[in-house]
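Per-entry structural report
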Amino acid sequence: MPAATQLTDVLKTLADPTRRAVFERIAREGEIAATGLVQGSKVSQPAVSQHLRALRDAGLVAERREGRHIHYRIAPKGLGPLIDWLGHYETFWAERFANLERLLKESE
C-alpha cells in the first residue's frame with residue numbers, strides 16, 4: 001500500500017473522537033480485552049467492536065486471542081506513516097524558527 005494511502009487511513013481512523021479514545025485507552029492499559037473496553041465506558045459492545053475493527057484494519061492495533069477473549073495492544077508500526085509525515089514538518093518549522101531567531105538577533 002502506498003505511503004500516502006497508509007497516512008490517509010491512519011488519519012481517517014484517528015479522526016473519530018470515540019475511536020481515538022479507544023486507541024488512547026489501549027495505549028494507557030498496554031493490553032486490554034475487548035470486554036474491558038466496554039466496561040466503564042458509555043459505548044456499546046457493538047460500537048466498540050466496530051472501532052476495534054477500524055483500528056485493526058488501519059494497522060494501529062494488534063490482537064491476541066485467549067480462549068473466547070480477544071486482547072488488544074497498540075501496534076507501534078501502524079503510526080509510522082503519521083510519524084514520517086510529521087517529521088517533514090518538524091524540519092520545516094525548525095528552519096523557520098531558526099530564521100526567525102536569526103532575524104530577531106540582527107534587529108537588536
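A few points on the structure.

What counts and how
- Residues numbered from 1 in each chain as written.
- Predicted model: local features only at pLDDT ≥ 70, side-chain atom pairs only at ≥ 80, totals over all residues.
- Heavy atoms only, no water.
- 1 Å grid on protein atoms, 1.4 Å probe; cavity = no way out; pocket = protein on both sides within 12 Å on 5 of 7 lines; lining within 4 Å.
- Points joined across faces, edges and corners; volume = space filled by probe spheres on them.
- Helix = DSSP H or I, 4+ residues; strand = E, 2+ residues; numbered from the N terminus.
- Pairing = 2+ DSSP bridges.
- Contact = heavy atoms within 4.5 Å.
- Axes fitted to C-alpha atoms, helices over the stretch in contact; angles between N-to-C directions.

1. Considering the layout of surface pockets
Roughly 180 Å³ of internal volume is contained in the largest pocket. Lining the largest pocket we find A34, T35, Q45, S49, L52, R53, R56, R68, H69, I70 and Y72. When residues of the lining of the largest pocket are assigned to their parent elements, the largest contribution, five residues, is made by helix α4 (residues 45-57).

2. Thoughts on the sheet that holds strand β1 (residues 32-33)
In space, the three strands of this open sheet follow the order β1-β3-β2, with antiparallel pairing throughout. Looking at which strands have only one partner, the edges of the open sheet turn out to be β1 and β2 (61-66). Bridge count between β2 and strand β3 (residues 69-74): six bridges; the pairing is antiparallel. Pairing of A62 across the sheet is with R73, part of β3. Docked against the sheet, helix α2 (residues 17-29) engages β1, β2 and β3, running at close to 90° with respect to β3.

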